[in-house]
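# Per-entry structural report
Spelled out from the first residue to the last, the chains are:
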Amino acid sequence: MRILARRLLLPGLTTLALTATGCSSAPQPPAAPPTSLGLPAAPAPVADGTQQLEVAAAPQDEPSAGMARVGAGKGTPEKAALKVASFDKATGKAVIAPAAPKAPAPPKDPKGSAPAQNTPSPGASPSGSAAPDKAVAVGDVIASAPVPGAPDGLLAKVTEVGRKTERGTEVKTAPTTLSAVLNDDKADGKVPVDPSTVTVEPLMKGVTFSWAKGQGLKFGPEGAKLPLGNLRLDVNAPIETAAGAPVSAGASVSGFVQLAPTVEFAYDGSGGTGPRGAFLGMSGDWSSQWSLKGHAAATAGGPKRIPFAKLHSAPVIQVGPVPVVVNLDLTCFIQVEADGRVTLEVKQDVRGDFRVGGSYASGKGWTPVSTSKVESTPVTAEVTAAGKVKAALGAEAAVGLYGAVGVSAEFAPYLRGEGDVKAAASTDGKASVSGAWALYGGFDLSGNLQLQLSLFGTPIFERRIPLGSLNREWHLAGGKAAVQRG
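Residues numbered from 1 in each chain as written. Predicted model: local features only at pLDDT ≥ 70, side-chain atom pairs only at ≥ 80, totals over all residues. Heavy atoms only, no water.

The next thing to look at is the environment of W211. Here W211 shows up in strand β13 (residues 207-212). The exposure class assigned to W211 is buried, which follows from its relative accessible area of 13%. In sequence terms W211 and G229 are 18 residues apart; their C-alpha atoms lie 7.4 Å from each other. What W211 contacts, discounting residues up to four positions off in sequence, is P195, S196, L217, K218, F219, G223, L226, N230 and L231. (Helix = DSSP H or I, 4+ residues; strand = E, 2+ residues; numbered from the N terminus. Buried < 20%, exposed > 50% of the residue type's maximum accessible area, 1.4 Å probe, protein only. Contact = heavy atoms within 4.5 Å.)

So this is what it looks like as C-alpha coordinates:
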(Lines give C-alpha, C1' and ligand atoms only; values in the text may rest on other atoms or scores of the structure.)
Protein backbone atom coordinates (compact mmCIF):
# COMPACT_ATOMS: atom_id res chain seq x y z
CA MET A 1 0.00 0.00 0.00
CA ARG A 2 1.18 3.42 -0.72
CA ILE A 3 0.68 6.57 1.05
CA LEU A 4 -0.54 9.39 -1.13
CA ALA A 5 -1.25 12.99 -0.35
CA ARG A 6 -3.29 14.08 -3.28
CA ARG A 7 -6.85 13.69 -4.29
CA LEU A 8 -7.49 10.69 -6.51
CA LEU A 9 -10.52 9.11 -8.07
CA LEU A 10 -10.20 5.49 -7.12
CA PRO A 11 -10.65 3.96 -10.51
CA GLY A 12 -9.11 3.64 -13.74
CA LEU A 13 -7.52 1.62 -16.36
CA THR A 14 -3.91 1.67 -15.61
CA THR A 15 -1.28 1.89 -18.07
CA LEU A 16 0.45 5.28 -18.24
CA ALA A 17 3.19 6.40 -20.45
CA LEU A 18 4.50 9.86 -19.96
CA THR A 19 7.07 11.83 -21.80
CA ALA A 20 10.14 12.55 -19.76
CA THR A 21 12.82 15.08 -20.61
CA GLY A 22 15.55 16.36 -18.37
CA CYS A 23 17.23 19.75 -18.34
CA SER A 24 20.61 20.22 -16.79
CA SER A 25 23.99 21.52 -17.69
CA ALA A 26 25.61 18.56 -15.98
CA PRO A 27 27.16 15.90 -18.25
CA GLN A 28 24.56 13.43 -19.52
CA PRO A 29 25.03 9.66 -19.37
CA PRO A 30 24.81 7.68 -22.62
CA ALA A 31 21.30 7.63 -24.05
CA ALA A 32 19.31 4.53 -23.22
CA PRO A 33 17.33 2.75 -25.94
CA PRO A 34 13.80 4.02 -26.57
CA THR A 35 11.07 2.61 -24.37
CA SER A 36 8.03 0.73 -25.59
CA LEU A 37 6.11 3.99 -25.49
CA GLY A 38 8.50 5.69 -27.87
CA LEU A 39 10.20 7.75 -25.17
CA PRO A 40 13.90 7.70 -24.28
CA ALA A 41 14.55 5.67 -21.14
CA ALA A 42 16.04 7.96 -18.50
CA PRO A 43 18.68 6.69 -16.07
CA ALA A 44 18.11 6.82 -12.32
CA PRO A 45 18.59 9.39 -10.98
CA VAL A 46 17.68 11.69 -13.86
CA ALA A 47 19.76 14.80 -14.51
CA ASP A 48 16.89 17.12 -13.60
CA GLY A 49 16.93 15.86 -10.01
CA THR A 50 13.97 13.50 -10.32
CA GLN A 51 14.16 9.71 -10.03
CA GLN A 52 13.48 7.18 -12.76
CA LEU A 53 11.51 4.40 -11.06
CA GLU A 54 11.69 0.86 -12.36
CA VAL A 55 8.42 -0.72 -13.52
CA ALA A 56 8.22 -4.48 -13.00
CA ALA A 57 5.94 -7.25 -11.83
CA ALA A 58 5.63 -7.39 -8.05
CA PRO A 59 7.94 -10.02 -6.48
CA GLN A 60 6.19 -13.34 -5.99
CA ASP A 61 8.07 -14.13 -2.78
CA GLU A 62 6.92 -11.06 -0.85
CA PRO A 63 3.66 -10.58 1.05
CA SER A 64 0.81 -9.63 -1.27
CA ALA A 65 -0.23 -6.79 1.01
CA GLY A 66 2.90 -4.72 0.41
CA MET A 67 2.60 -1.02 1.21
CA ALA A 68 4.41 2.21 0.35
CA ARG A 69 3.88 5.68 1.70
CA VAL A 70 4.86 9.31 1.47
CA GLY A 71 5.15 10.80 4.93
CA ALA A 72 2.75 13.74 5.34
CA GLY A 73 2.42 13.76 1.56
CA LYS A 74 5.94 15.09 1.07
CA GLY A 75 9.18 13.65 -0.20
CA THR A 76 9.99 10.41 -1.97
CA PRO A 77 7.82 7.29 -1.67
CA GLU A 78 9.32 4.57 0.49
CA LYS A 79 8.46 0.99 1.23
CA ALA A 80 6.82 0.81 4.65
CA ALA A 81 7.12 -1.98 7.22
CA LEU A 82 3.35 -1.64 7.63
CA LYS A 83 0.28 -3.21 6.09
CA VAL A 84 -3.41 -2.47 5.73
CA ALA A 85 -5.00 -5.05 7.99
CA SER A 86 -8.53 -4.12 6.89
CA PHE A 87 -10.41 -1.46 4.94
CA ASP A 88 -14.05 -0.38 4.75
CA LYS A 89 -14.69 1.20 1.35
CA ALA A 90 -18.02 2.71 2.42
CA THR A 91 -16.56 4.74 5.30
CA GLY A 92 -12.91 5.02 4.30
CA LYS A 93 -11.85 3.56 7.66
CA ALA A 94 -8.78 1.34 7.76
CA VAL A 95 -6.60 -0.48 10.27
CA ILE A 96 -2.83 -0.11 9.81
CA ALA A 97 -0.62 -2.75 11.46
CA PRO A 98 3.08 -3.74 11.42
CA ALA A 99 3.92 -6.01 8.49
CA ALA A 100 5.04 -9.54 9.24
CA PRO A 101 8.81 -9.78 8.70
CA LYS A 102 10.00 -11.86 5.80
CA ALA A 103 11.72 -14.98 7.05
CA PRO A 104 15.30 -15.26 5.77
CA ALA A 105 16.17 -18.31 3.67
CA PRO A 106 18.25 -20.74 5.74
CA PRO A 107 21.84 -21.06 4.44
CA LYS A 108 22.83 -24.30 2.79
CA ASP A 109 25.24 -26.47 4.73
CA PRO A 110 28.18 -27.47 2.47
CA LYS A 111 28.37 -30.92 4.06
CA GLY A 112 24.77 -31.71 3.12
CA SER A 113 23.49 -31.76 6.70
CA ALA A 114 20.31 -30.01 7.80
CA PRO A 115 20.29 -26.28 7.01
CA ALA A 116 21.58 -24.11 9.79
CA GLN A 117 19.03 -21.75 11.29
CA ASN A 118 20.09 -18.14 11.05
CA THR A 119 18.49 -16.13 13.82
CA PRO A 120 18.71 -12.37 13.29
CA SER A 121 20.17 -10.35 16.12
CA PRO A 122 17.85 -8.12 18.13
CA GLY A 123 16.97 -4.94 16.23
CA ALA A 124 18.12 -6.27 12.88
CA SER A 125 15.58 -6.37 10.10
CA PRO A 126 15.28 -9.55 8.03
CA SER A 127 16.90 -9.51 4.61
CA GLY A 128 14.65 -8.00 1.95
CA SER A 129 12.17 -6.48 4.41
CA ALA A 130 11.67 -2.82 5.16
CA ALA A 131 13.25 -1.29 8.22
CA PRO A 132 11.08 -0.70 11.30
CA ASP A 133 8.73 2.16 10.45
CA LYS A 134 7.29 5.05 12.41
CA ALA A 135 3.58 5.12 13.15
CA VAL A 136 1.17 6.34 10.51
CA ALA A 137 0.30 10.05 10.74
CA VAL A 138 -2.25 12.49 9.38
CA GLY A 139 -1.27 13.56 5.86
CA ASP A 140 0.47 10.30 4.99
CA VAL A 141 -0.28 9.03 1.52
CA ILE A 142 -0.41 5.26 1.25
CA ALA A 143 -0.52 2.78 -1.63
CA SER A 144 -1.30 -0.84 -0.89
CA ALA A 145 -1.60 -4.12 -2.74
CA PRO A 146 -4.93 -6.01 -2.38
CA VAL A 147 -6.05 -6.39 1.24
CA PRO A 148 -9.18 -7.56 3.07
CA GLY A 149 -11.96 -5.15 2.20
CA ALA A 150 -9.98 -3.73 -0.74
CA PRO A 151 -9.48 -6.54 -3.29
CA ASP A 152 -8.37 -3.97 -5.87
CA GLY A 153 -5.76 -2.42 -3.58
CA LEU A 154 -5.85 0.98 -1.91
CA LEU A 155 -4.59 4.45 -2.80
CA ALA A 156 -5.51 6.99 -0.12
CA LYS A 157 -4.52 9.85 2.18
CA VAL A 158 -4.75 9.56 5.97
CA THR A 159 -7.08 12.27 7.30
CA GLU A 160 -7.43 11.14 10.93
CA VAL A 161 -5.58 8.79 13.28
CA GLY A 162 -7.67 7.01 15.90
CA ARG A 163 -7.06 4.58 18.72
CA LYS A 164 -4.63 1.68 18.81
CA THR A 165 -6.06 -1.81 19.14
CA GLU A 166 -4.73 -5.36 19.10
CA ARG A 167 -5.29 -5.38 15.33
CA GLY A 168 -3.42 -2.13 14.70
CA THR A 169 -4.02 1.63 14.47
CA GLU A 170 -7.43 2.80 13.30
CA VAL A 171 -7.36 5.60 10.70
CA LYS A 172 -9.73 7.46 8.40
CA THR A 173 -8.74 7.96 4.78
CA ALA A 174 -9.79 9.89 1.70
CA PRO A 175 -9.15 9.07 -1.98
CA THR A 176 -6.07 10.61 -3.61
CA THR A 177 -4.12 10.37 -6.86
CA LEU A 178 -0.96 8.67 -8.10
CA SER A 179 0.72 12.04 -8.41
CA ALA A 180 0.46 12.35 -4.62
CA VAL A 181 2.61 9.27 -4.17
CA LEU A 182 4.90 9.43 -7.21
CA ASN A 183 5.31 13.23 -6.97
CA ASP A 184 7.99 14.43 -9.42
CA ASP A 185 9.42 11.00 -10.23
CA LYS A 186 9.27 9.24 -13.59
CA ALA A 187 8.37 5.71 -14.62
CA ASP A 188 7.90 3.91 -17.92
CA GLY A 189 7.55 0.21 -18.61
CA LYS A 190 5.59 -2.80 -19.80
CA VAL A 191 4.58 -5.72 -17.60
CA PRO A 192 3.19 -8.96 -19.11
CA VAL A 193 0.14 -10.35 -17.33
CA ASP A 194 0.86 -13.66 -15.59
CA PRO A 195 -1.69 -16.04 -17.18
CA SER A 196 -1.86 -18.13 -13.99
CA THR A 197 -3.41 -15.15 -12.16
CA VAL A 198 -6.35 -14.96 -14.58
CA THR A 199 -9.68 -16.31 -13.35
CA VAL A 200 -12.24 -17.49 -15.91
CA GLU A 201 -16.02 -17.65 -15.63
CA PRO A 202 -17.51 -19.74 -18.48
CA LEU A 203 -20.87 -18.36 -19.62
CA MET A 204 -21.91 -21.38 -21.66
CA LYS A 205 -21.09 -25.04 -22.09
CA GLY A 206 -18.22 -26.05 -24.31
CA VAL A 207 -15.65 -23.52 -23.00
CA THR A 208 -12.18 -24.57 -21.80
CA PHE A 209 -9.23 -22.49 -20.53
CA SER A 210 -5.48 -23.13 -20.87
CA TRP A 211 -2.25 -21.25 -20.14
CA ALA A 212 1.53 -21.61 -20.09
CA LYS A 213 4.18 -19.72 -18.08
CA GLY A 214 7.82 -20.01 -17.10
CA GLN A 215 9.45 -22.92 -15.27
CA GLY A 216 7.45 -25.40 -17.32
CA LEU A 217 4.11 -24.60 -15.68
CA LYS A 218 1.12 -25.52 -17.88
CA PHE A 219 -2.61 -25.65 -17.37
CA GLY A 220 -5.58 -26.90 -19.36
CA PRO A 221 -6.01 -29.25 -22.32
CA GLU A 222 -4.01 -27.00 -24.69
CA GLY A 223 -1.39 -25.76 -22.20
CA ALA A 224 1.41 -27.92 -23.58
CA LYS A 225 1.05 -26.31 -27.03
CA LEU A 226 1.13 -22.68 -25.92
CA PRO A 227 4.05 -20.24 -26.02
CA LEU A 228 5.09 -18.99 -22.57
CA GLY A 229 2.96 -16.16 -21.27
CA ASN A 230 -0.06 -17.05 -23.41
CA LEU A 231 -3.58 -17.91 -22.35
CA ARG A 232 -6.18 -19.59 -24.55
CA LEU A 233 -9.95 -20.02 -24.57
CA ASP A 234 -11.55 -22.77 -26.66
CA VAL A 235 -15.26 -22.72 -27.48
CA ASN A 236 -17.57 -25.08 -29.32
CA ALA A 237 -21.13 -23.81 -29.18
CA PRO A 238 -24.30 -23.94 -31.26
CA ILE A 239 -25.96 -20.72 -32.40
CA GLU A 240 -29.55 -20.19 -33.43
CA THR A 241 -30.36 -21.97 -36.70
CA ALA A 242 -32.79 -20.55 -39.25
CA ALA A 243 -36.34 -21.87 -38.99
CA GLY A 244 -37.05 -24.67 -41.46
CA ALA A 245 -33.38 -25.40 -42.10
CA PRO A 246 -32.51 -29.12 -42.28
CA VAL A 247 -30.76 -30.75 -39.37
CA SER A 248 -27.61 -31.01 -41.46
CA ALA A 249 -27.52 -27.19 -41.69
CA GLY A 250 -27.41 -26.62 -37.91
CA ALA A 251 -25.42 -23.47 -37.18
CA SER A 252 -22.43 -23.48 -34.82
CA VAL A 253 -19.21 -21.68 -33.99
CA SER A 254 -16.04 -23.42 -32.82
CA GLY A 255 -12.42 -22.46 -32.37
CA PHE A 256 -10.08 -20.68 -29.99
CA VAL A 257 -8.85 -17.26 -28.92
CA GLN A 258 -5.22 -17.01 -27.79
CA LEU A 259 -3.56 -13.88 -26.43
CA ALA A 260 -0.67 -12.56 -24.36
CA PRO A 261 -1.87 -9.30 -22.75
CA THR A 262 0.59 -6.72 -21.47
CA VAL A 263 -0.02 -3.78 -19.13
CA GLU A 264 1.87 -0.57 -19.94
CA PHE A 265 2.56 2.07 -17.31
CA ALA A 266 4.38 5.39 -17.51
CA TYR A 267 4.42 8.54 -15.43
CA ASP A 268 6.31 11.83 -15.66
CA GLY A 269 5.93 14.11 -12.67
CA SER A 270 8.65 16.56 -13.66
CA GLY A 271 6.08 19.23 -14.56
CA GLY A 272 6.04 20.60 -11.03
CA THR A 273 2.29 20.86 -10.47
CA GLY A 274 0.74 17.60 -11.58
CA PRO A 275 1.95 15.19 -14.25
CA ARG A 276 3.73 16.54 -17.28
CA GLY A 277 2.60 13.66 -19.46
CA ALA A 278 1.12 10.20 -19.30
CA PHE A 279 0.09 7.18 -21.29
CA LEU A 280 -2.15 4.37 -20.16
CA GLY A 281 -3.18 1.34 -22.13
CA MET A 282 -3.02 -2.35 -22.93
CA SER A 283 -1.31 -4.20 -25.73
CA GLY A 284 -0.68 -7.76 -26.76
CA ASP A 285 -0.46 -10.46 -29.39
CA TRP A 286 -3.66 -12.09 -30.59
CA SER A 287 -4.32 -15.24 -32.58
CA SER A 288 -7.42 -17.27 -33.23
CA GLN A 289 -8.63 -20.03 -35.49
CA TRP A 290 -12.33 -20.54 -35.68
CA SER A 291 -15.07 -21.77 -37.94
CA LEU A 292 -18.67 -20.82 -38.61
CA LYS A 293 -20.93 -23.22 -40.41
CA GLY A 294 -24.58 -23.84 -41.01
CA HIS A 295 -27.70 -21.82 -41.75
CA ALA A 296 -27.73 -19.04 -39.14
CA ALA A 297 -31.09 -17.59 -38.13
CA ALA A 298 -31.99 -14.07 -39.19
CA THR A 299 -31.04 -11.40 -36.65
CA ALA A 300 -33.60 -8.63 -36.31
CA GLY A 301 -32.64 -5.23 -34.94
CA GLY A 302 -28.89 -5.60 -35.39
CA PRO A 303 -26.18 -8.17 -34.60
CA LYS A 304 -26.79 -10.80 -31.94
CA ARG A 305 -23.99 -10.99 -29.36
CA ILE A 306 -23.36 -14.14 -27.31
CA PRO A 307 -20.79 -13.75 -24.46
CA PHE A 308 -19.12 -17.09 -23.73
CA ALA A 309 -16.52 -16.32 -21.03
CA LYS A 310 -15.39 -13.61 -18.60
CA LEU A 311 -11.75 -13.26 -17.56
CA HIS A 312 -10.40 -11.18 -14.68
CA SER A 313 -6.95 -10.42 -13.34
CA ALA A 314 -5.62 -7.86 -10.85
CA PRO A 315 -1.83 -7.98 -11.24
CA VAL A 316 0.31 -5.84 -8.95
CA ILE A 317 3.08 -3.96 -10.71
CA GLN A 318 5.91 -2.46 -8.72
CA VAL A 319 6.68 1.16 -9.63
CA GLY A 320 9.81 1.69 -7.58
CA PRO A 321 8.65 0.93 -4.01
CA VAL A 322 5.00 1.61 -4.87
CA PRO A 323 2.59 -1.30 -5.49
CA VAL A 324 0.19 -0.26 -8.26
CA VAL A 325 -2.82 -2.55 -8.70
CA VAL A 326 -4.03 -2.97 -12.27
CA ASN A 327 -7.44 -4.43 -12.97
CA LEU A 328 -7.92 -6.22 -16.28
CA ASP A 329 -11.26 -7.62 -17.46
CA LEU A 330 -12.05 -9.40 -20.72
CA THR A 331 -15.40 -10.63 -21.96
CA CYS A 332 -15.07 -12.92 -24.97
CA PHE A 333 -18.05 -13.08 -27.29
CA ILE A 334 -19.49 -14.48 -30.49
CA GLN A 335 -21.48 -12.04 -32.62
CA VAL A 336 -23.67 -13.03 -35.56
CA GLU A 337 -25.57 -10.90 -38.07
CA ALA A 338 -27.52 -12.73 -40.78
CA ASP A 339 -30.59 -12.50 -43.01
CA GLY A 340 -31.46 -16.16 -42.54
CA ARG A 341 -31.07 -17.13 -46.21
CA VAL A 342 -27.47 -18.19 -46.62
CA THR A 343 -25.63 -21.36 -45.58
CA LEU A 344 -21.99 -20.79 -44.79
CA GLU A 345 -19.02 -23.00 -44.04
CA VAL A 346 -15.76 -21.18 -43.42
CA LYS A 347 -12.69 -21.56 -41.24
CA GLN A 348 -10.36 -18.62 -40.61
CA ASP A 349 -6.91 -18.21 -39.06
CA VAL A 350 -6.28 -14.74 -37.56
CA ARG A 351 -2.96 -13.46 -36.19
CA GLY A 352 -1.82 -10.01 -35.16
CA ASP A 353 -1.49 -7.53 -32.33
CA PHE A 354 -3.31 -4.58 -30.84
CA ARG A 355 -2.63 -1.56 -28.65
CA VAL A 356 -5.22 0.71 -27.07
CA GLY A 357 -4.94 3.45 -24.49
CA GLY A 358 -4.75 7.15 -23.80
CA SER A 359 -1.88 9.60 -23.96
CA TYR A 360 -1.72 12.73 -21.80
CA ALA A 361 0.41 15.84 -22.29
CA SER A 362 0.24 18.94 -20.15
CA GLY A 363 -1.52 21.69 -22.07
CA LYS A 364 -3.04 19.24 -24.55
CA GLY A 365 -5.01 16.88 -22.32
CA TRP A 366 -5.87 13.26 -23.09
CA THR A 367 -5.82 11.87 -26.64
CA PRO A 368 -6.76 8.33 -27.71
CA VAL A 369 -4.39 5.68 -29.09
CA SER A 370 -5.60 2.65 -31.06
CA THR A 371 -3.51 0.55 -33.43
CA SER A 372 -3.68 -3.00 -34.72
CA LYS A 373 -2.00 -5.21 -37.30
CA VAL A 374 -3.93 -8.33 -38.23
CA GLU A 375 -3.56 -10.93 -40.95
CA SER A 376 -6.22 -13.46 -41.86
CA THR A 377 -6.06 -16.64 -43.90
CA PRO A 378 -9.05 -18.77 -44.96
CA VAL A 379 -8.59 -22.48 -44.42
CA THR A 380 -11.87 -23.53 -46.03
CA ALA A 381 -14.63 -21.41 -47.51
CA GLU A 382 -18.03 -22.11 -49.08
CA VAL A 383 -21.25 -20.12 -49.43
CA THR A 384 -24.52 -21.67 -50.59
CA ALA A 385 -27.65 -19.77 -51.78
CA ALA A 386 -28.33 -16.04 -51.67
CA GLY A 387 -28.01 -13.85 -48.63
CA LYS A 388 -25.56 -12.29 -46.19
CA VAL A 389 -23.97 -13.31 -42.91
CA LYS A 390 -21.31 -11.75 -40.66
CA ALA A 391 -19.80 -13.38 -37.59
CA ALA A 392 -17.14 -12.19 -35.15
CA LEU A 393 -15.17 -13.82 -32.36
CA GLY A 394 -13.88 -10.96 -30.23
CA ALA A 395 -13.32 -9.51 -26.76
CA GLU A 396 -14.40 -6.50 -24.74
CA ALA A 397 -11.51 -5.29 -22.59
CA ALA A 398 -11.38 -2.91 -19.63
CA VAL A 399 -8.15 -1.81 -17.99
CA GLY A 400 -7.88 0.34 -14.88
CA LEU A 401 -6.12 1.08 -11.63
CA TYR A 402 -7.27 0.19 -8.14
CA GLY A 403 -10.60 -1.16 -9.40
CA ALA A 404 -11.60 1.76 -11.62
CA VAL A 405 -11.90 1.53 -15.39
CA GLY A 406 -9.74 4.02 -17.28
CA VAL A 407 -9.75 2.54 -20.79
CA SER A 408 -12.30 0.28 -22.41
CA ALA A 409 -11.91 -1.28 -25.84
CA GLU A 410 -13.41 -3.88 -28.12
CA PHE A 411 -11.40 -5.96 -30.56
CA ALA A 412 -13.40 -8.15 -32.93
CA PRO A 413 -11.93 -10.06 -35.89
CA TYR A 414 -14.80 -11.13 -38.14
CA LEU A 415 -15.88 -13.08 -41.21
CA ARG A 416 -18.41 -11.74 -43.69
CA GLY A 417 -19.98 -13.83 -46.46
CA GLU A 418 -22.50 -13.01 -49.14
CA GLY A 419 -24.09 -14.92 -51.99
CA ASP A 420 -26.22 -13.85 -54.95
CA VAL A 421 -28.12 -16.37 -57.06
CA LYS A 422 -30.25 -15.39 -60.09
CA ALA A 423 -32.53 -17.64 -62.13
CA ALA A 424 -34.38 -16.92 -65.40
CA ALA A 425 -36.73 -18.93 -67.66
CA SER A 426 -38.64 -18.28 -70.92
CA THR A 427 -41.59 -19.82 -72.77
CA ASP A 428 -39.26 -21.46 -75.31
CA GLY A 429 -38.00 -23.75 -72.57
CA LYS A 430 -34.67 -22.04 -72.03
CA ALA A 431 -33.50 -21.49 -68.46
CA SER A 432 -30.37 -20.16 -66.84
CA VAL A 433 -28.96 -19.94 -63.35
CA SER A 434 -26.04 -17.71 -62.42
CA GLY A 435 -24.48 -16.89 -59.10
CA ALA A 436 -21.58 -15.35 -57.28
CA TRP A 437 -20.30 -15.56 -53.75
CA ALA A 438 -17.58 -13.84 -51.75
CA LEU A 439 -15.96 -14.07 -48.33
CA TYR A 440 -14.21 -11.25 -46.47
CA GLY A 441 -12.13 -11.10 -43.33
CA GLY A 442 -11.64 -8.06 -41.16
CA PHE A 443 -11.59 -6.58 -37.70
CA ASP A 444 -13.20 -3.76 -35.74
CA LEU A 445 -11.37 -1.93 -32.95
CA SER A 446 -13.11 0.71 -30.84
CA GLY A 447 -13.28 2.02 -27.27
CA ASN A 448 -13.36 4.96 -24.87
CA LEU A 449 -11.16 6.83 -22.43
CA GLN A 450 -12.96 7.12 -19.10
CA LEU A 451 -13.29 9.89 -16.51
CA GLN A 452 -11.24 7.83 -14.07
CA LEU A 453 -8.02 8.61 -15.92
CA SER A 454 -7.83 11.61 -13.57
CA LEU A 455 -6.52 9.04 -11.07
CA PHE A 456 -3.10 10.06 -12.31
CA GLY A 457 -3.64 13.56 -10.97
CA THR A 458 -4.47 15.08 -14.35
CA PRO A 459 -7.38 17.51 -14.86
CA ILE A 460 -10.80 15.84 -14.92
CA PHE A 461 -12.50 15.67 -18.31
CA GLU A 462 -16.29 15.80 -18.33
CA ARG A 463 -17.13 13.15 -20.89
CA ARG A 464 -15.85 9.93 -22.37
CA ILE A 465 -13.34 10.37 -25.17
CA PRO A 466 -13.86 7.84 -28.00
CA LEU A 467 -10.77 5.98 -29.15
CA GLY A 468 -12.18 6.18 -32.66
CA SER A 469 -13.28 3.22 -34.75
CA LEU A 470 -10.59 1.34 -36.60
CA ASN A 471 -11.83 -1.04 -39.30
CA ARG A 472 -9.90 -3.13 -41.81
CA GLU A 473 -11.38 -5.62 -44.28
CA TRP A 474 -9.85 -7.83 -46.95
CA HIS A 475 -11.08 -10.32 -49.54
CA LEU A 476 -10.59 -13.97 -48.60
CA ALA A 477 -12.25 -16.00 -51.35
CA GLY A 478 -15.02 -15.91 -53.95
CA GLY A 479 -16.42 -17.49 -57.08
CA LYS A 480 -18.90 -17.26 -59.94
CA ALA A 481 -20.91 -19.89 -61.76
CA ALA A 482 -23.46 -19.99 -64.61
CA VAL A 483 -25.65 -22.85 -65.93
CA GLN A 484 -27.88 -22.76 -69.03
CA ARG A 485 -30.41 -25.32 -70.26
CA GLY A 486 -32.55 -25.59 -73.38
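One pass over the full model with this rule turns up 12 salt bridges. With its nearest N and O atoms 4.0 Å apart, the salt bridge here joins E160 to K172. You can see E160 sitting in strand β9 (residues 154-164) and its partner K172 sitting in strand β10 (residues 169-175), a full 12 residues away along the chain. Within the structure, one salt-bridge network assembled from shared partners comprises E222, K225, R232 and D234. (Salt bridge = Lys/Arg side-chain N within 4 Å of Asp/Glu carboxyl O.)

Our focus in this paragraph is the nonpolar core. Counting 81 residues, the largest nonpolar core has L178 and F265 as the members making the most contacts within it. Tallying contributions element by element places strand β20 (residues 322-338) first for this core, with 10 residues. In terms of nonpolar packing, the next biggest core, distinct from the first, is built from 15 residues, M67, A80, L154 and A156 among them. (Core = buried A, V, L, I, M, F, W, Y, C linked by side-chain atoms within 4.5 Å.)

On inspection of all chains with the given rule, the structure shows six aromatic pairs. Where W286 meets F411, the ring centres are 5.0 Å apart and the plane angle is 85°; that geometry is what we call edge-to-face. Of this pair, W286 sits in strand β17 (residues 277-294) while F411 sits in strand β24 (residues 404-425), and the two are 125 residues apart along the sequence. One exposure class covers both W286 and F411, and it is buried. Taking 5.3 Å as the distance between ring centres and 45° as the angle between the ring planes, the aromatic pair formed by Y360 and W366 counts as tilted. Here Y360 falls in the buried class, since its relative accessible area comes to 9%. Residue W366 is classed as buried on the basis of its relative accessible area, which comes to 8%. Taken together, W286, F354, F411 and F443 form an aromatic cluster joined through their ring pairs. Its guanidinium or amino end placed over the ring of F256, R232 lies 3.8 Å from that ring's centre, counting from NZ or CZ. One residue, R305, lies across the ring of F333, its end atom 3.8 Å from the ring centre. (Phe/Tyr/Trp six-rings, centres within 6.5 Å; stacked < 30°, edge-to-face > 60°. Lys NZ or Arg CZ within 6 Å of the ring centre and 35° of its normal.)

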